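# Fold and geometry: a report
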Amino acid sequence: MSDPVFRSINLTKIYGTGEVEVRALDGVTMDLNESEMVVLLGPSGSGKSTFLNIMGGLDQASGGQVYYKDLELTACNESQLTRYRRDHVGFVFQFYNLIPSLTAWENVALVTEVSRAPMTPDEALAMVDLSDRAHHFPAQLSGGEQQRVAIARAIAKKPEVLLCDEPTGALDSKTGIIVLEALDRINQELGTTTLVITHNAGIQQIAHRVLFFKDGRIEQERVNQNRLAPNEVDW
Amino acid sequence: MAMLDRKLSRDLVRLWAQGLAIALVMACGVATIIISVGAYRSLEETRAAFYDRYRFANIFASAKRVPESLKPEIARIPAVGSVEMRIVKPVLLDMRAMQEPASALVVSLPQHRQSRVNRLYLRLGRLPSSRGRDEVAIAERFAKAHNLRPGDRFDVIMNSRKRSLKIVGIVLSPEYIYAIGPGDMVPDDRRFAVIYMSQKVLHGIFDMQGVANDIAITTLRNADESMIIERLDQLLRPYGGQGAHGRKDQMSHAFLDAELQQLSGMSKVIPPIFLFVSAFLVNMILSRLITLERQQIGLLKALGYGGWAVGWHYAKFVVIIALVGLVIGAACGYWLGRELTQLYAKFFSFPFLIFKQNADLYLLAGGITVAAALLGTVKSIRSIGKLTPAVAMQPPSPVAYKSLLATRFHSLHLFSQLTTMALRHLFRWPFRLLLTSCGTALSTALLVTAMFTYDSVDFMIDTIFFRADRQDATISFASDKSQRAIEDVLHLPGVIRAEPFRVTPVKLRNQHREVRLSIFGSRPGTRLNRVLDKDLQPINLPPNGIVLSQRVAEKLRLRPGDGVEIEFLEKHGSLSSVPFVHSGSGYATEFGVAQTVASATLPAVVGVAQNFVGLTANMSLQGLNRLMGDGRQISGARILIDRDQQPQLYRAIKSMPAIASIALQGLSYQKFRDTIEENIAIMNRVYVALAVIMAFGVIYNSARIQLSERARELASLRVFGFTRAEVSRVLLTELAIIILLAQPLGWVLGYAFSWGVLKGFQSDLFRVPLVVHTSTFATASLIVLLAAALSALIVRRRINQLDLVSVLKTRE
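Heads up: these notes are all about the structure in this document. (Residues numbered from 1 in each chain as written. Chains lettered and ligands numbered in written order. Predicted model: local features only at pLDDT ≥ 70, side-chain atom pairs only at ≥ 80, totals over all residues.)

Along chain B, the regular secondary structure elements total 21 helices and 22 strands. Counting only C-alpha atoms and orienting by the principal axes, one finds that chain B spans roughly 100 × 60 × 50 Å. The 812 residues of chain B split such that 46% are buried. Considering only intrachain contacts with a sequence separation of at least 6, the fraction spanning at least 24 residues in chain B is 81%. (Helix = DSSP H or I, 4+ residues; strand = E, 2+ residues; numbered from the N terminus. Buried ≥ 20, exposed ≤ 12 C-beta atoms within 10 Å, placed from the backbone. Contact = placed C-beta atoms within 7 Å.)

Scanning chain A from terminus to terminus reveals 6 helices and 10 strands. Seen through its principal axes, chain A has C-alpha atoms that stretch 50 × 40 × 40 Å. Of all 235 residues assigned to chain A, the portion counted as buried reaches 51%. The contacts of chain A with a sequence gap of at least 6 include a subset with a gap of at least 24, amounting to 70%.

This next bit is on the interface of chain A and chain B. Contact residues are listed per partner, giving 26 residues for chain A and 25 residues for chain B. At the level of secondary structure, the elements contributing two or more residues to the side of chain A that touches chain B comprise α2 (78–88) and α3 (104–112) of chain A. Examining the composition of the side of chain A that touches chain B, we find that 5 residues originate from one element, α2 of chain A, more than from any other. Taken together, the residues that form the side of chain A that touches chain B break down as 14 nonpolar, 6 polar and 6 charged. (Nonpolar A, V, L, I, M, F, W, Y, C, P; charged D, E, K, R; others polar.)

What follows covers the sheet that holds strand β4 (residues 63–68) of chain A. Residues and elements named next belong to chain A. In spatial order, the strands read β2-β1-β4-β5; together these 4 strands make up an open sheet with antiparallel pairing. Single-partner strands in this sheet number two, and they are β2 (22–33) and β5 (71–72). Examined bridge by bridge, β4 and β5 share 2 bridges and lie antiparallel to one another. Within β5, the position partnered with Tyr 67 by the bridge is Glu 72. (Pairing = 2+ DSSP bridges.)

All right, on to the packing of helix α7 (residues 251–292) of chain B against helix α19 (residues 724–761) of chain B then. Residue and element names in this part refer to chain B. Their axes nearest at 9 Å, the elements α7 and α19 cross at an angle of 150 degrees. Taken together, α7 and α19 sit at an angle that is classed as roughly antiparallel. Handedness of the α7/α19 crossing: right-handed. Only Gly 756, Gly 760 and Phe 761 of α19 make contact with α7, whose side of the interface consists of Gln 261, Gln 262, Gly 265 and Val 269. Split by residue class, the contact of α7 with α19 holds 2 nonpolar, 5 polar and no charged. (Axes fitted to C-alpha atoms, helices over the stretch in contact; angles between N-to-C directions. Parallel < 35°, antiparallel > 145°, perpendicular 65-115°, else oblique. Left-handed = near helix turned anticlockwise from the far one by under 90°.)

Turning our eyes to something else, we now look at the packing of helix α5 (residues 143–155) of chain A against helix α6 (residues 173–190) of chain A. Residues and elements named next belong to chain A. Between α5 and α6, the shortest axis-to-axis distance is 9 Å and the interhelical angle comes to 15 degrees. As judged from the angle between their axes, α5 and α6 are roughly parallel. Considering how the two elements wind past one another, α5 and α6 form a crossing that is right-handed. Contact with α5, carried on its side by Gly 143, Gly 144, Gln 147, Arg 148, Ile 151 and Ile 155, involves Thr 175, Ile 178, Val 179, Ala 182, Leu 183, Ile 186 and Leu 190 of α6 and no other residues of that element. In terms of residue class, the contact of α5 with α6 is built from 8 nonpolar, 4 polar and 1 charged.

With that out of the way, let us pick up the environment of Phe 276 of chain B. Mapped onto the elements of the fold, Phe 276 of chain B is located in helix α7. Sequence spacing of Phe 276 of chain B and Val 25 of chain B is 251 residues, and the spatial spacing of their C-alpha atoms is 9.8 Å.

Here we take up helix α8 (residues 294–302) of chain B. Note: α-helices contain 3.6 residues per turn, so residues at a spacing of three or four share the same orientation. Inspection of α8 of chain B places Ile 297, Leu 300 and Lys 301 of chain B among the buried residues, and these make up the whole buried set. Across the axial projection of α8 of chain B, the buried residues extend over an arc of 95 degrees, all falling on one side. (Arc of directions from axis to C-beta.)

One finds Ala 152 of chain A together with Met 694 of chain B to be the most contacted residues of the largest nonpolar core, which totals 294 residues. With 19 residues, the top contributor of residues to this core is helix α2 (residues 16–53) of chain B. (Core = buried A, V, L, I, M, F, W, Y, C linked by C-beta atoms within 7 Å.)

Okay, the sheet that holds strand β2 (residues 80–86) of chain B next. Residues and elements named next belong to chain B. Taken in spatial order, the 4 strands line up as β2-β10-β1-β11 in an open sheet, and their pairing is antiparallel. Both outer strands of the open sheet, β2 and β11 (245–246), are each paired with one neighbouring strand and no more. Judged from the 6 bridges that link them, strand β1 (residues 59–67) and strand β10 (residues 211–219) form a sheet pairing that is antiparallel. Residue pairing in the sheet places Phe 60 in a bridge with Ala 216 of β10. Sitting on the sheet, helix α6 (residues 225–236) touches β1, β2, β10 and β11, and the angle it makes with β1 is about 10 degrees.

Below, the discussion takes up unusual backbone geometry. Residues other than glycine seldom take positive phi values, yet Asn 97 of chain A does so here, at roughly 50 degrees. On the secondary structure map, Asn 97 of chain A appears in the loop between β6 (89–92) and α3. On the basis of neighbour counts, which here come to 24 C-beta atoms within 10 Å, the residue Asn 97 of chain A falls in the buried class. The backbone of Asn 147 of chain B sits at a positive phi, close to 55 degrees, despite the residue not being glycine. Judged by local crowding, Asn 147 of chain B falls into the exposed class, with 8 C-beta atoms found within 10 Å.

Residues and elements named next belong to chain A. Pairing of strand β1 (residues 4–15) with β2 involves 9 bridges; the strand directions are antiparallel. Residue Phe 6 lies in a different strand from β2, and its bridge partner there is Leu 32. Count of turn residues in the β1/β2 antiparallel hairpin: 6 residues, of which Gly 16 carries a positive phi of about 70 degrees.

As for its placement among the helices and strands, Asp 122 of chain A is situated in helix α4 (residues 121–127). Taking the C-alpha atoms as reference points, Asp 122 of chain A and Ala 156 of chain A, separated by 34 residues in sequence, lie 9.3 Å from one another.

A separate point is α2 of chain A. When we look at burial in α2 of chain A, the residues that qualify are Leu 81, Thr 82, Arg 85, Arg 86 and His 88 of chain A. Buried residues in α2 of chain A make contact with β4, β6 and β7 (161–165) of chain A together with α18 (665–719) of chain B.

Take it as geometry only, folks, not as evidence of what the structure does.
What follows is the structure in structure tokens.
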């Protein structure tokens, strides 16, 4: 493993004030290395999503620092964060968040049009095995297909980081595996640093490293010596 | 409070901005109903009360000299109520503060008793008595314009002599609610007066002992007016009767009628537009609300609420918005209606004002508004009833889109993906797109309708004052004179050019159709007053024949080849049968007229007339004189004046007994312009406000709905790294397309509305041409674009506030 892509130092996030104050993150310190695939596990409200959102430049921290390479995200303003998301980060969400009025191909092109050195939409769709469904609208695709389009869209700009929030949460095991295979393949072929949030403990087996969240802290960290392929995962 | 009502109140608080925008559009509908119907009723009621209490005549007639002994015979005509025989004469006033002469009508008042017809409302002082030979009562507006009070004096030239008259009373008459001086197009209080003197005094002044020249009659209920007019004409014929007429041909009454007609037209056109748009907006917001609250609706039903209960819950949401609109609209309508009615009172001379605002009007407006609102929501509310709880609690299936172009064009990629998003979303709901565009188009149309009047009136003024009637002044003699009198006019100081004319009242008849008007006879090739054809080119009046204005031709349903009959009212018994000859121009209202008097057949002539004011007929002076068979006579002259010698000319005219009145073109023009522009300016402000509210209501709501439908998509775009400006562009592109599509439609609708407005405004008095300049269309669109930009800015702020995290976490 090489230099860390992300460094978080004593990161805190507090929602609300006074009596209703909720400490979503309570001093998280960690590094994320290049080309690493990390799975975040933990119960609801443990702070995983908040952590991911701050990493992705979607949310502001209350305290501490986060660095993306040399860029201090916690010191960025709104337009710098927009720029950061545009140039460096790919997102995959539980509910796909495809634009219903654009076809699969167009959903990918939406991102490639504004990226610096993207792959073509066709290449991105090929990576998730969806070339034949390129001109279908989201309403004409299955859940797994929609999520693969979302992944193609996320990776088309060749991001340094791929952030996935419950990417298989809405899928059955069979399609879930296909989606994980896509993520794994991208991580290996493109060397994209990948952070995956999941409730599904089985998925941790495909990661290089697993972080266990509890009450806004990283309670435990484990490195997988023997990674499994997605189709070997015990769902 | 029931829990559902509590939910309702919170929904209202949450959606207050959209609700208010809709309520305001409804308020416009309500306000316009109340203003137009209210003003119509107030004006009609006031007029009716004034007519009734002050015994406004039903039938009017004038003659040269009628012996007062004819009165019992007139009174014996069946269904005649009261008869009043009067002296009514045009006179010149010499007001000290005014260089130019003013004109007046002097009307006689009976001695020792009140008038039985056309009674006066006494505002100040008393009526003139027969003992005071110089006593006069004057119309209130003239008194106000000159700051005159009882006890003041002014000079009048009556029957060749200047007299100083003492004001004893300030009065108003139902006969002159709208009083226009000779040659004027709108009332000019400074230059025209109606003055009242004792009949006995006027007998002496005009040498008319025992005779009158004006008859006013009230009739009994259900009287046969045309029969009375016919009998009256028979009785008056030997005395130079000029043809009796009913109220519809009485100037003041006709003007008020035209005004009322316009108001009633407004109440039929404008409120429905607003109610239609608000129904659409309500539909839009409610169906969106129901889509968003699908799961809540399912839950409510699962909890045991019936379809009706849930439906009523949403209906109440709409009813409350409608009620807010009703309250705002009623308050504005009441206030504006009062203002408008008062404006009318100022424009017309009413002694009192009945501001008619019955509860039924508000009930009507409220009923219509709530009904329109509910009508807009029927579909959405019915969908609630149909939703089963299990289905409702599932998220709705994703919206299916279609490609706008055939698949083979996919590789073209004409637009960026952001633009494609905007376009597909827009055309996914074509009906909504159509309605939103229509709503926006209606705003543009309203603005065009408000502003075109400037163009039309400009054109009309240009035509009348700079192409047709180019004289500086028109002098009218007290009675017809020999043509040699033109020499006297030419010798007046400062007169550069004088063109004689003759005018005579006639009835033109085509079978049972009849029009009362005056035929003007002028010399061919006149340079000052010109008769224009439809292309506004001067017509050279040929020696024989008649040129009718379009309105007259339409009223008489005359076509080339038809016959027309002319009855000269001042020369009784002179009836001419006139066949038409085709003009060959192909224009339906261009006529060839061949004249026959007695047994003489005269050759035919072609005539066209583009005339915007009054009913007119023109002939050559020679032809008219020949028809009338009383020698070469003239009634007055149109003159061109050397401005430097104007004061001398005015002085000379004031001392010339032969001149009954002088109409000053420049002042008429100015007054006309000022009055019209003042009226248009007021109307304009109201229309612009209405149009802006409508544009804002439609565009703001439509943008908010789009934002609500697409919050998730737009947030996703922000997550992918699109800037706020780029994300806003998606929504703003849609808005821009809606607004741009709406403009041409708005122009067409605006042109059609304008046409409708003019159609409603058209009367025998005015015929305003429809002229809309390109700049008017552009200005209307610009205002709508500004209103749109404002709503876009507000929505843009909302886009900036999108909560990226929460939007992405939830499933829609």
